[in-house]
Amino acid sequence: MSGKMLERLQRLTSVWGPSGREQKVAAMLSEMIAPFVQEVRTDRYGNLIARREGVAGGKRVLLVAHMDTPGAVAINVSDKGLIYLAPIGGLKPFAAIGQRVVWGSGITGVIQHEPVEEAKEVEFKRLFCDIGATSREEALENVSLGDLCTFVTDLQQLEDLIVAPGLDNRAGCAVLLEVAEHLVETDHEVIFAFTCHGEVGPRGAGAAAYGVEPDLAFVVDTTPSGDLPRAPRVAVRLGGGPALKLKDGGYMAHQGLSGIVRSVAEAQSIPLQIEISGGQSEAQVVSAAGQGVPTAVVDIPLRYRGTAGEMINLRDLYGSADLLLKLLDQSLTLM
Amino acid sequence: MLLEKLSNACGIPGREDEVRALLKETLKDQVDEIWTDAMGNLIARKGNGPIKVMLDAHMDEVGFCVGSISEEGYVLLKKVGGLDDRVLPGRQVWLTEKRIPGVIGAKAWHLTTADEKSRAISFDNMYVDIGCRNRAEVEALGIEPGEPVYFASTFEHYSDRVVKGKAFDDRVGCYVVSRVLMEFDHPGLTIYGAFTCQEEVGLRGARVAAYNLNPDLALAIDGTASSNVAGVEPMDTVTNMGDGPVLYLAEGAILSHEGIFNELIRTAQDETIPYQFKRATGGGTDATGIALQRGGIPSCSLSVPCRYIHTAAALCNLDDVDATVNLIHQFLRRVEKGDFRP
């Protein structure tokens, strides 16, 4: 286990980039992946596309990870200079209360809720961000309506476990970088797409897949683990290895490609969990892009999604990268 | 006035023929080319410049269609688009494009119980009374399942600048785009006025239009909800009718293209055109459908604030309309001069 995964996670979770404002993340990823590929560009949607050339007879394989995080947008400022918010992506009010956030301008603040008697009265429209301004005018000098904020970053390591905001899906981005670095010999043309608007829709991945026209695609994302009290009853746990998604609210796995994933994991003794979940993933828009793209999803189990303390296990990240590398050694011929 | 004709025209999703015919007749001598695509979108091209700009406005309006006819001669409705049950009882409607008058029956006040008065009538219990005594009389009028039903509401001026009508969402957008095409020349651009269908049931027409036209950038012009009315705190009005064109801080389904969004703001500031932000998220416009076509199309929503949209009587302020037309024109000039590229 090299130390690079941790180092990459530290860099990637420190960069600011909520949905729609991914430019800084794209710039960092562009620099990080450049040594391993022949071409890096940004498409019209804002997705970062990095291409590694293949040889004749290989397939064009797309690896997708969204690079945005949830956040909040300033929609109102009170006379007292408190900034009222609306969610961008899956930010829940309980996850935001008491958290420190940073705005695009670099200004920081803390999110609080108007006083309530009971927890059930908590709602997003009553959350506000206090940046220390004393009037509406002063607040608007620092934060404009339409500006976005995200959690202040802070990464902690507990043995194999990593805790930080934004691991969904900077962890997926780190896995793609690991794959790019260690991809030595493959016939396939491999295209890495770090996509926009993964938390709102998802959206950007569809445009990326349309533009790339791949023969097949792997989406790398995170998935809520089921090893917690009252968690969704999914058989995915932290540390159990990458999870192969068979179904979610907008996607049914491609039988042939997921069969290859399972047989490669078995042959290489890579622990693989099977995931059936709700919600939506980028696989929905990738698989339906253009004339259709056979798509598999390799998910990293994650606890406490959408909070400032998302938790993952480094071994699952290495397992995901290992699985993808072994897959890219195969002919990936679909029946 | 064109806005009056557009508001009075009828067109639920999929039945936009009247609106399309009106726009085609109005624009055919003012543009270089005009056609209807396979989906039913009317596309008006003006100019042949290197930059392709799509100006989208949807032709359809929310309304109803006939669901069934009872033996007693009442017409039961299905909704087409988002409608609030509470604004429907007692409302006059037009059935079919022949505009056969009817009323969504509501029990007289004298006959309702205290309990009924405190509750909204459920849509399942609503019916249209057109004065017929049995099913045969209704059918003899050409009313059959699937035929459209509209709010019976005619355009009028409430004051010199505030007008009332149905379907301002989005005939006000059709009006704005028509005026941009008719009043200005932008020879450096190819402008496609895209008057789209079926927005209210899932942004369907705009997706097809954007896929076919594959523009370099798109603006979706719509009428959006405004709530600067009695009893609403200033922070909760979402938009204010009379305060100028509306830019979206975030839509429910998508985020505006940052470059276009910022350029529209710069344009408004430089030209001293009023503008405002929609201070809520949620909802979506054709920009959502357009942005996701092909490899992504830089798209942004720009709306005219209207009170009481999706009801029989929406209001809009003509100053907001003029400002929206002017903002689009000034923005297009910048694109044409090369000052801005998405």
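This text follows the structure it describes.
None of the values given here were measured: they were computed from a predicted structure.

Peer 1: In this structure, what is going on with the overall build of chain A? I would like to understand it.
Peer 2: Check the secondary structure of chain A and you find 9 helices and 18 strands. For chain A, the spread of C-alpha atoms along the principal axes amounts to about 65 × 40 × 40 Å. Expressed as a percentage of the 335 residues in chain A, the buried residues total 53%. For chain A, long-range pairs separated by at least 24 residues make up 75% of all intrachain contacts whose partners lie at least 6 apart in sequence.

Peer 1: How should the packing of helix 7 (residues 255–267) of chain A against helix 9 (residues 314–328) of chain A be read in this particular structure?
Peer 2: Between two packed helices, both the angle of their axes relative to each other and the distance between the axes serve to describe the pair. All names here are of chain A. At a minimum axis separation of 10 Å, helix 7 and helix 9 run at an interaxial angle of 105°. Between helix 7 and helix 9, the angle falls in the class roughly perpendicular. In this structure, helix 7 uses Val261, Val264 and Ala265 to contact helix 9, whose residues at the interface are Leu323, Lys326 and Leu327. Grouping the amino acids of the contact of helix 7 with helix 9 by side-chain chemistry returns 5 nonpolar, no polar and 1 charged.

Peer 1: For this particular structure, what's the right way to read the sheet that holds strand 18 (residues 310–313) of chain A?
Peer 2: The pairing of strands in a sheet comes from backbone hydrogen bonds and takes either a parallel or an antiparallel form. Residue and element names in this part refer to chain A. Across the sheet, 3 strands lie side by side as 10-11-18; this open sheet has antiparallel pairing. Only two strands of the sheet have a single neighbouring strand rather than two, namely strand 10 (156–158) and strand 18. Each strand axis lies, on average, 25° off the axis of its neighbour in the sheet, ignoring direction. With 3 bridges connecting them, strand 10 and strand 11 (residues 161–164) associate as antiparallel partners. Bridge assignment links Gln157 to a residue of strand 11, and that residue is Ile162.

Peer 1: Before we go on, may I ask you to explain helix 2 (residues 17–27) of chain B in this structure?
Peer 2: Within an α-helix, residues lying three or four positions from one another point in the same direction, as the helix has 3.6 residues per turn. Residues and elements named next belong to chain B. For helix 2, the full list of buried residues reads Val19, Leu22, Leu23 and Leu27. Taken end-on, helix 2 shows its buried residues confined to a sector of 115°, consistent with a single buried face. Where helix 2 is buried, its residues contact helix 1 (2–8), strand 1 (33–36), strand 2 (42–46), helix 5 (168–183) and strand 12 (189–196).

Peer 1: Explanation requested: the interface of chain B and chain A in the structure shown.
Peer 2: Think of interface size as the accessible area that goes away when the parts come together; that is how it is often given. The interface of chain B with chain A comprises 16 residues on the first partner and 22 residues on the second. Among the residues making up the side of chain B that touches chain A, the classes are represented as 10 nonpolar, 3 polar and 3 charged.

Peer 1: Please explain helix 6 (residues 204–213) of chain B as it appears in this structure.
Peer 2: Residues and elements named next belong to chain B. Of all 10 residues making up helix 6, 8 are buried, and the element is well covered by its neighbours. When we look at burial in helix 6, the residues that qualify are Arg204, Gly205, Ala206, Arg207, Val208, Ala209, Ala210 and Leu213. Looking at the buried positions of helix 6, the neighbouring elements they touch are strand 2, strand 3 (51–58), strand 12, strand 13 (217–226) and helix 8 (286–291). Asn214, located one to two residues past helix 6, shows a positive phi value of around 45°.

Peer 1: Teacher, can you tell me more about the packing of helix 2 of chain B against helix 5 of chain B here?
Peer 2: All names here are of chain B. For the pair helix 2 and helix 5, the least separation of the axes is 11 Å and the interaxial angle reads 15°. The pairing of helix 2 with helix 5 is recorded here as roughly parallel in orientation. Our pair here, helix 2 against helix 5, has a crossing hand that is right-handed. Along its contact with helix 2, which presents Leu23, Thr26 and Leu27, the element helix 5 presents Cys174, Ser178 and Leu181. In the contact of helix 2 with helix 5, the residues fall into 4 nonpolar, 2 polar and no charged.

Peer 1: When you look at the pairing of strand 12 (residues 189–195) of chain A in this model, what are you seeing that I'm missing?
Peer 2: When a strand is regular, its side chains alternate between the sheet's two faces. Residue and element names in this part refer to chain A. By the criterion of burial, strand 12 is predominantly enclosed, with 6 of the 7 residues buried. Note that strand 2 (residues 48–52) and strand 12 share 5 bridges and pair antiparallel. Bridged to Arg52 within strand 12 is Val190. Bridge count between strand 3 (residues 60–66) and strand 12: 7 bridges; the pairing is parallel. Note on strand 12: the bridge partner recorded for Arg60 is Glu189.

Peer 1: Help me out: how do you make sense of the nonpolar core in this one?
Peer 2: Most often, soluble globular proteins keep nonpolar side chains buried together rather than apart. All names here are of chain A. Within the largest apolar cluster, 205 residues are counted, with the highest numbers of intra-cluster contacts made by Leu63, Val64, Ile83, Leu85 and Ala193. Counting residues per element, this core draws most heavily on helix 5 (residues 167–182), which supplies 9 residues. In this view, Ala193 contacts Asn47, Ile49, Leu62, Leu63, Val64, Ala205, Ala208 and Val212; residues no more than four positions away in its chain are not counted.

Peer 1: Which parts of the structure should I look at to understand the environment of B:Leu327?
Peer 2: Residue and element names in this part refer to chain B. Mapped onto the secondary structure, Leu327 falls in helix 9 (residues 318–337). For the pair Leu327 and Trp109, spaced 218 residues apart in the sequence, the C-alpha separation amounts to 48 Å. Ignoring anything within four residues of it in the chain, the contact list for Leu327 reads Pro245, Leu264, Thr267, Ala268, Ile273 and Tyr275.

Rules and cut-offs
Residues numbered from 1 in each chain as written. Chains lettered and ligands numbered in written order. Predicted model: local features only at pLDDT ≥ 70, side-chain atom pairs only at ≥ 80, totals over all residues. Helix = DSSP H or I, 4+ residues; strand = E, 2+ residues; numbered from the N terminus. Buried ≥ 20, exposed ≤ 12 C-beta atoms within 10 Å, placed from the backbone. Contact = placed C-beta atoms within 7 Å. Axes fitted to C-alpha atoms, helices over the stretch in contact; angles between N-to-C directions. Parallel < 35°, antiparallel > 145°, perpendicular 65-115°, else oblique. Nonpolar A, V, L, I, M, F, W, Y, C, P; charged D, E, K, R; others polar. Pairing = 2+ DSSP bridges. Arc of directions from axis to C-beta. Left-handed = near helix turned anticlockwise from the far one by under 90°. Core = buried A, V, L, I, M, F, W, Y, C linked by C-beta atoms within 7 Å.

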